[in-house]
Amino acid sequence: MKKKWKLYLIHHSHTDIGYTDRQEKIERYHVDFIKRVIDILDSIEDGTKKEWRGYKWTCENFWQVEQFLANSDEVYQKKFEKYVKAGLIDISLSYLNMTELVDNRVLDNMLQKCRKYADSKQLSLNSAMTADINGFAWGYAETMHKNNIVNLFSCLHTHHGMFPLYKKQMPFWWETPQSNKVLVWNGDHYQIGNDFMMVPTPEQFEEREKRIFGYFDNLEQEGYPYDFAPAMISGVVTDNSPPNGRLMEVIHQWNAKHDGQVEVELVTLNHFFEVLRNQTVDIPTYAGDWPDWWADGVGSTPAPTKIYRDAQRKYNLSNKLDPNNQLGNPRFLQEAEYQLMMYAEHTWGYSSSVGEPWNTLVNDLDYRKGAYAVNANQLISKNLDEILSNLGEVSLQTDREKVFKVINPHRHPVTDYTKVHIKYWETVDGEGFGFKLDGFVEVVDCQSNEVLASQVNDVPGGKDIEFAISLAPREERLVKVRRVQPIETNAAPNHAHIGTERIADLAPYPGYAGIANTHVVETTDYRITFNHKTGIESLKDKHSGKELIHPDALYAPFAGVYEKTPITTDACSVRRQMGRNRKGRIAERHAAVLTDIKKEADGVLYTTIKMDFQLEGTKMYAVILKIYKTAPKIAVTVRIQKQNEWDPENLYIPLPFSLGEASELFIEKTGTVFKPGVDQLPGTNTDFYLLQNGLAFKNQEKALLVAIKDTPLITLGTLEHHEIQLCSEKTHDKNNELVYSWPMNNFWETNFKVDLSGFYEFDYQLYLTDQPQNEFQLLEKCQELNEGLVAFAVNP
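Residues numbered from 1 in each chain as written. Predicted model: local features only at pLDDT ≥ 70, side-chain atom pairs only at ≥ 80, totals over all residues. Heavy atoms only, no water.

**Brief notes about the pairing of strand 35 (residues 758-769)**
- Counting buried residues along strand 35, 9 of its 12 residues qualify, which places the element largely inside the surrounding structure.
- As judged from the 10 bridges shared by strand 26 (residues 633-642) and strand 35, these two strands associate in the antiparallel manner. Each residue of the ladder has a partner; that of K642, found in strand 35, is G758.
- The pairing of strand 32 (residues 703-708) with strand 35 spans 6 bridges and is classified as antiparallel. Each residue of the ladder has a partner; that of V706, found in strand 35, is L766. (Buried < 20%, exposed > 50% of the residue type's maximum accessible area, 1.4 Å probe, protein only. Helix = DSSP H or I, 4+ residues; strand = E, 2+ residues; numbered from the N terminus. Pairing = 2+ DSSP bridges.)

**Observations regarding helix 10 (residues 302-321)**
- For helix 10, with 20 residues, the first-to-last C-alpha span of 28 Å sits near the 28 Å given by 1.5 Å per residue.
- The element helix 10 is extensively covered by neighbouring structure, given that 14 of its 20 residues are classed as buried. (Expected span 1.5 Å × (residues − 1).)

**Here we look at the sheet that holds strand 21 (residues 561-564)**
- Spatially, 6 strands are ordered 22-21-27-34-33-30 in an open sheet, and the strand pairing comes out antiparallel. The open sheet is flanked by strand 22 (588-591) and strand 30 (688-690), the only strands paired with a single partner. Strand-to-strand twist across the sheet, computed as the mean angle between neighbouring axes with direction ignored, equals 30 degrees.
- Alignment of strand 27 (residues 649-654) against strand 34 (residues 739-745), held across 4 bridges, turns out to be antiparallel. Along strand 34, the bridge assignment pairs N650 with N745. (Axes fitted to C-alpha atoms, helices over the stretch in contact; angles between N-to-C directions.)

**Observations concerning the packing of helix 1 (residues 23-45) against helix 3 (residues 74-85)**
- In the contact formed by helix 1 and helix 3, the axes pass within 10 Å of each other and the chain directions differ by 70 degrees. When the axis of helix 1 is compared with that of helix 3, the two are roughly perpendicular. In this structure, helix 1 crosses over helix 3, and the sense of that crossing is left-handed. Contacts from I34, K35, I38, D39, L41, D42 and E45 of helix 1 reach helix 3 at Y76, K79, F80, K82 and Y83.
- The residue inventory of the contact of helix 1 with helix 3, partitioned by class, reads 6 nonpolar, no polar and 6 charged. (Parallel < 35°, antiparallel > 145°, perpendicular 65-115°, else oblique. Left-handed = near helix turned anticlockwise from the far one by under 90°. Contact = heavy atoms within 4.5 Å. Nonpolar A, V, L, I, M, F, W, Y, C, P; charged D, E, K, R; others polar.)

**Remarks on helix 1**
- Its 23 residues give helix 1 an end-to-end C-alpha distance of 34 Å, which sits within 8% of 33 Å, the value for a rise of 1.5 Å per residue.
- Looking one or two residues past helix 1, G47 carries a phi angle of roughly 90 degrees, positive in sign.

**Digging into the sheet that holds strand 24 (residues 606-614)**
- Read from one edge of the open sheet, 9 strands run 23-24-25-26-35-32-31-28-29, paired in antiparallel fashion. In the strand order of this sheet, the two ends are held by strand 23 (593-602) and strand 29 (672-674), each with one partner. Neighbour-to-neighbour, the strand axes of this sheet turn through a mean angle of 15 degrees, independent of strand direction.

**Focus on the nonpolar core**
- Counting 186 residues, the largest nonpolar core has F80 and L695 as its most contacted members.
- When residues of this core are assigned to their parent elements, the largest contribution, 9 residues, is made by helix 11 (residues 330-344).
- With sequence-adjacent residues up to four places away left out, L695 is seen in contact with L655, L665, F666, I667, L704, L705, V706, I708, I714, V739, L779 and C782.
- Among the nonpolar cores identified, the runner-up in size contains 18 residues, and V414, V481, L789 and A793 belong to it. (Core = buried A, V, L, I, M, F, W, Y, C linked by side-chain atoms within 4.5 Å.)

Structural data, given as structure tokens:
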């Protein structure tokens, strides 16, 4: 070799909460691992283990430290702090290895905990590492920088994924959305050091030499610019691995023989970045999103993920309604944040979830994982209840005057629809609901005495009364539901509108604008036409006359597409062989076929159209459109009864929209808004993305928003098995390709749930606007649509 090399080993334990054992057991493991590290360092210090001198340990994340501090005595805690200050124990200031599910506010609060601990102990820590994570939302870099975490060591796992920049083991400056910079080491697998056989196995010394020298020979041939390389190493080759002091025996043995060629040193994470920052080699700068190749795993648990999304909305509403934490319970809020983080942590289930779905531990861990979402939802719901109570909400009462408070919690004016619920046993102005309510009640603005347009809908347990209202930012308004005397008439119209069979199927003619039916529905903003075999055939902007459905659409909007790859080997092998495709070459694809379409409601505010489809893999697939008459909004609900299947499968919901050739697609991820396929790091995933609130199709004149409430994944482009395009200038065209919501998959072969069966309901909203807004404002509107206005019962 031409250089004298340095191999920097960083010793850590990869945190997989649930992969190798029960989640609560793994918490105990990592507490005991840190105690064991302290014992090792004590034994070196007192001379009983001189052969382990030079031993160092890096806590992979702050969660490990948090568990240790909560479950150790003062003696261990003082020793821990001593060894951290001595540089023998290091702390990565990442909180956990996260998916992109996590909300930026929650992420920021958790990174603040990391920073506050380091600052409170006067620790010079500014680095983070992640392992098993194959990408990060662009906003992650900004949030790290905000908390003075300016170094990131990324240990990628290229199983079904790939490193960015087309090359690993290299640094780059990651420019954040606000033009700050984080130094990233684009690293190798988190146990690459174990591949060098540095764990004590004396009989394998020759193989160790072969692997290490071969590794550095390859770096020289590639023109690698440094004379060192870092490698993460575990005590044994497993996740949640214990520390191993005997690593130092091998290091000392190696250096005694090969110090002049390749010196091995055990270092900490922060020490490595000190070395890197002192180099004179130019480091390139890149800006953009870094989509996570493993984000698709959340699609294996659509039910708890929906509960998680609901918890996120309630969390955001809590913070909007109570920004100073004076109305709610701070303990509920903090505990909810922790549960939200734990569900969004990257480990989903037990290692044999796909190979042995009947295994007791598989099912135990699945329920425990879902419990994080349930617990978060319960805690934040209690906090929101506390806030609303302090804002005047009252519980059920007999003979209560039907007055409600409506709040716009958002920072922009909102004109939208909200609803209040009246139980079946309640009365309005002393009369019950033993008859049809629509037309017998009205909603009155108590401030202006204006009667607000409203519509009544039967729901389990009573009736929802939906009404339109305009509110200034954070404005509160009282409304009252009261009875009105209906105008009765038995006279039949003289014009030809509806026959005696009560079917509305006449096209408009002079003097008659038409009635919404299952062929055409027209509003002030849309003209929707239906094909009685496929569903929505056309969606036109009434103002411009332009079609809003993509010209290359293969499937009708919201009409499901189901895929299954037959098992030809075994349940795990067939998945393993898919590489970065999320299906096999022989995948069977089925489009939904419309079996029935009917108009279910047609009132003052909206028309409801229900479409029933037959779709392979399901026993029920229905799409309900709530088409608002005087607002540019369509609320869409997709209901699915999914059947059980062990084969690899995907279910897609087409969102084939476009604003023409000049249309650009923007999406929102944690802390960022960007154009997929364009604003990304080179060499990153362009096939699918995990969103926060939705997406926007935008041109110079208009924008069409798709607010996605329950299911965060989308795919972009073809559904066929294909060559994977990594992001480059050639992928900019993907920004104009077809979009699919991707609520379900069971693609992964190890720790993600294989059974997708059950009943599901997923909500979307389409919103067309010609207001001059940038992409950030548009995606904030998606959040407002998902969160809505807040309405609750009060006593005036």
